[in-house]
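A closer look at the structure
As a plain string of letters, each chain reads:
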Amino acid sequence: YTQFFMRHGVRGAVLRIVAGSRGICHAIAEEGFPHVVISERFDSADISCVDCDSRPDSLRAIEYLIALGHRRIAFATHTVPDHDQQDRFEGYKEALLNHGIAVEDRLILRHPGSLAGGASVLKVVMSMPERPTAVYCADWMLAVGAVKAAHELSVRVPDDLSIIGFDDADGRHCVHPTLTAVCQDAVKLGVEASARLVKILDGDAQAPFQFTAPTFFEVNESTGPPPAHVVRIVANGNGSARSDESGAGGA
């Protein structure tokens, strides 16, 4: 890796990885090449990294839903695993277990982090025989795709389904209704990583280092109490969809 970087005139690297590429960071650190890994956490003291710990606020988000009366809460995550997604999942599980609510495998949904993936999440959730009354989308695009699909299928957010998203760029204010979200300052992470790497290269700071920033939880318009009825999306033969309502309690 050092030879590769040097051939391209690179003096230091900011790295963004997923679970399957963590070994690359260990190799670069062992070679002593100046680096900072962003949005990932390591037990090894040889690797410099900056990240946000979203587990506490993910727990807070699920506890907020529980306080509103929700008991069947789905969790939607990206298909590509990384430390960020795992933090959010651990917070989700901890909140449920703290309140005596079982973690159901069928309520853990893994879809590509895209608008289409979010639409799939919405359709799967709304078509379940015992459907959830809320979903925590741990990826920004999943949340936006779910809200967009809700409008297309006449699912009212939050009257029929509460949605909590994850937001790292104030995008929660660009959708309707405004998303309740666990939020991180991604710009701050990028600035922190670059500034620390520059100081290391200039000899003004020592590596390795590890920095963890907090997230925050913001309540907006996409969450409310569970509905007194259940809306179930039914696919028609022509590729469209319609909604059926039943009198079963949603809580």
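So, here is what we can say about the structure in this document. Being a predicted model, the structure only gives us computed values, none of them experimental. For every chain, the first residue of the written sequence is number 1, and numbering continues from 1 onward in sequence order. Residue-level local features of this predicted model are given only where pLDDT is at least 70; pairs of side-chain atoms are given and counted only at 80 or more, and the full residue set underlies all totals for whole chains, interfaces and linings. The side-chain quantities take in all heavy atoms of the structure and omit both hydrogens and water.

What about the pattern of salt bridges?
We define a salt bridge as a side-chain nitrogen of Lys or Arg found within 4 Å of a carboxyl oxygen belonging to Asp or Glu. This structure, assessed with the given rule, holds 18 salt bridges. A salt bridge links D57 to R60, with the shortest nitrogen-to-oxygen separation between them at 2.0 Å. Of this pair, D57 and R60 both sit in helix α3 (residues 55-68), 3 residues apart, which is roughly one turn of that helix. Assessed through its relative accessible area of 6%, D57 is described here as buried. Under the scheme applied here, a residue whose accessible area is under 20% of the maximum for its type counts as buried, over 50% as exposed, and between as partly exposed, the area being computed with a 1.4 Å probe on protein chains only. Residue class for R60 comes out partly exposed when judged on its relative accessible area of 44%. Of the charged contacts, one joins R88 and D84 as a salt bridge, the two residues approaching to 3.9 Å between their closest N and O atoms. Linking R88 with D84, this pair stays in helix α4 (residues 83-98), spanning 4 residues, or about one helical turn. The buried category is assigned to R88, whose relative accessible area is 4%. The structure contains a network of salt bridges with shared partners spanning R16, D82, D84 and R88. By definition, any uninterrupted DSSP run of H or I lasting at least four residues is a helix, any uninterrupted run of E lasting at least two residues is a strand, and each is numbered from the N terminus.

With respect to the environment of V157
In this structure, V157 sits in the loop between α6 (140-152) and β7 (162-167). Distance in space between the C-alpha atoms of V157 and E221 is 8.3 Å, their sequence separation being 64 residues.

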